[in-house]
Amino acid sequence: MRKILIAVVRFYQMGISPLFPPSCRYYPTCSSYMIQAVQKHGALLGLIMGVGRILRCHPFVRGGYDPVPDHFTIFRNKQHDKSPK
């Protein structure tokens, strides 16, 4: 299942994403985050984390550096949040 999810995201990265201007407000990008989350936490939890990240990526968020946390959560990784409040 992990390989299938990663293949779908890679297809998006190679085939669909280049057709649109870059718009992700986070680093790593949402698609890279999804792949890393699936690799680190498994297919189901990684998918949930990736979808949560996509839902957080909108024009009203400040974005910034947000790596995949070591423990499962759908919220932003506060440990690495160094942006001014």
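Residues numbered from 1 in each chain as written. Predicted model: local features only at pLDDT ≥ 70, side-chain atom pairs only at ≥ 80, totals over all residues. Heavy atoms only, no water.

In the annotation of an unreviewed UniProt entry, the entry for the chain reads Putative membrane protein insertion efficiency factor, and the organism field reads Latilactobacillus graminis. The UniProt entry for the chain carries the following comment under Sequence similarities (unreviewed entry): "Belongs to the UPF0161 family." (UniProt positions renumbered as here; feature names shortened; annotations may be inferred.)

*Asks:* Mind showing me how you'd approach the packing of aromatic side chains here?
*Replies:* Aromatic ring pairs: the centre-centre distance and the angle between the two ring planes describe each pair. Within this structure, the stated rule accounts for one aromatic pair. On the basis of an interplanar angle of 25° and a centroid distance of 6.2 Å, the ring pair of Tyr27 and Tyr65 is categorised as stacked. Placement of Tyr27 in strand E1 (residues 26-27) and of Tyr65 in strand E2 (residues 64-65) is noted, with a sequence separation of 38 residues between them. For Tyr27, a relative accessible area of 58% corresponds to the exposed category. Its relative accessible area of 42% is what places Tyr65 among the partly exposed residues. Between Arg56 and the ring centre of Tyr26, over which it is positioned, the NZ or CZ distance is 5.8 Å. (Phe/Tyr/Trp six-rings, centres within 6.5 Å; stacked < 30°, edge-to-face > 60°. Helix = DSSP H or I, 4+ residues; strand = E, 2+ residues; numbered from the N terminus. Buried < 20%, exposed > 50% of the residue type's maximum accessible area, 1.4 Å probe, protein only. Lys NZ or Arg CZ within 6 Å of the ring centre and 35° of its normal.)

*Asks:* I'm lost on helix H3 (residues 43-56) in this one. Help?
*Replies:* Since the α-helix advances by 3.6 residues per turn, residues separated by three or four positions end up pointing in the same direction. End to end, H3 covers 20 Å across 14 residues, agreeing with the expected 20 Å (1.5 Å per residue, within 8%). When we look at burial in H3, the residues that qualify are Ala43, Gly46, Met49, Gly50, Gly52, Arg53 and Arg56. In the core, the buried residues of H3 are packed alongside helix H1 (2-16), E1 and helix H2 (30-41). (Expected span 1.5 Å × (residues − 1). Contact = heavy atoms within 4.5 Å.)

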